[in-house]
Amino acid sequence: MNFKALREEMTEDAMAIEYALRRRDLVTLNDLTAACNCAPESAEFTIEQMIYFGVVAKDSAGRYSLTPAYRAHPIKAAQYDWDHGPNLQLAKKSQKN
């Protein structure tokens, strides 16, 4: 699955995690759950899926970051509000077109 297809299928939790990781490198699970306002179990499950698909990497200290390949993937500016996170309504509309 390519990154474009992954982005189209991301859940709200995954979009929130991706947003938090785009703003900072090497984030702990506790930091992610606080930033995303989601349960630790949900965040951990989502992160493990993102690791499987090559979106997120985990270092030896247990901190997470976006992979260089995913970070380099372009994002449609209309789908992303850099001050407030992903614009899910615009992202869903563009998926239908």
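Residues numbered from 1 in each chain as written. Predicted model: local features only at pLDDT ≥ 70, side-chain atom pairs only at ≥ 80, totals over all residues. Heavy atoms only, no water.

Topic: the confidence of the model for the protein
- Overall, the predicted model of the protein reaches an average pLDDT of 78, with 74% of residues at or above 70.
- Confidence, read as mean pLDDT per element, is least for helix 6 (residues 88–96) in the protein (48) and greatest for strand 1 (residues 56–58) (94).
- Low confidence marks residues 90–95, where pLDDT is under 50. Its contacts with residues over four positions away, or in another chain, come to six contacts. (pLDDT = per-residue confidence, 0-100. Helix = DSSP H or I, 4+ residues; strand = E, 2+ residues; numbered from the N terminus. Contact = heavy atoms within 4.5 Å.)

Digging into the packing of helix 2 (residues 12–23) against helix 3 (residues 29–36)
- Running from N to C, helix 2 and helix 3 point in directions that differ by 115°, and their axes come no closer than 9 Å. Judged by the twist between their axes, the crossing of helix 2 over helix 3 is right-handed. The segment helix 2 lies against helix 3, with Ala 16, Ile 17, Ala 20 and Leu 21 engaging Leu 32, Ala 35 and Cys 36.
- Looking at side-chain class alone, the contact of helix 2 with helix 3 contains seven nonpolar, no polar and no charged residues. (Axes fitted to C-alpha atoms, helices over the stretch in contact; angles between N-to-C directions. Left-handed = near helix turned anticlockwise from the far one by under 90°. Nonpolar A, V, L, I, M, F, W, Y, C, P; charged D, E, K, R; others polar.)

A word on the pattern of salt bridges
- Taken as a whole and judged by the stated rule, the model has three salt bridges.
- Two residues, Glu 18 and Arg 22, come together in a salt bridge whose shortest N-O distance is 2.9 Å. Of the two residues, Glu 18 and Arg 22 are both situated in helix 2; the distance of four residues between them amounts to about one turn of the helix.
- Judged by relative accessible area, which is 0%, Glu 18 ranks as buried.
- What makes Arg 22 buried here is its relative accessible area of 14%.
- Among the ionic pairs, Arg 63 bridges to Asp 59, the shortest N-O distance being 2.9 Å.
- Judged by its relative accessible area of 31%, Arg 63 is partly exposed.
- For Asp 59, a relative accessible area of 24% puts it in the partly exposed group. (Salt bridge = Lys/Arg side-chain N within 4 Å of Asp/Glu carboxyl O. Buried < 20%, exposed > 50% of the residue type's maximum accessible area, 1.4 Å probe, protein only.)

Structural notes on unusual backbone geometry
- Its identity is not glycine, yet Asn 37 carries a phi of approximately 55°, on the positive side.
- Note on placement: Asn 37 falls in the loop between helix 3 and helix 4 (40–52).

Looking at the packing of aromatic side chains
- Evaluation of the coordinates by the stated rule reveals one aromatic pair.
- On the numbers, 5.1 Å between centres and 85° between planes, the contact of Tyr 52 with Phe 53 is edge-to-face.
- Residue Phe 53 is classed as partly exposed on the basis of its relative accessible area, which comes to 38%. (Phe/Tyr/Trp six-rings, centres within 6.5 Å; stacked < 30°, edge-to-face > 60°.)

Structural notes on the packing of helix 3 against helix 4
- Contact geometry of helix 3 with helix 4 gives a least axis separation of 9 Å together with a crossing angle of 110°. Relative to helix 4, the element helix 3 lies roughly perpendicular. Both helix 3 and helix 4 take part in a crossing whose hand is right-handed. Every residue of helix 4 that contacts helix 3 at Leu 29, Leu 32 and Thr 33 is listed here: Pro 40, Ala 43, Glu 44 and Ile 47.
- Taken together, the residues of the contact of helix 3 with helix 4 break down into five nonpolar, one polar and one charged. (Parallel < 35°, antiparallel > 145°, perpendicular 65-115°, else oblique.)

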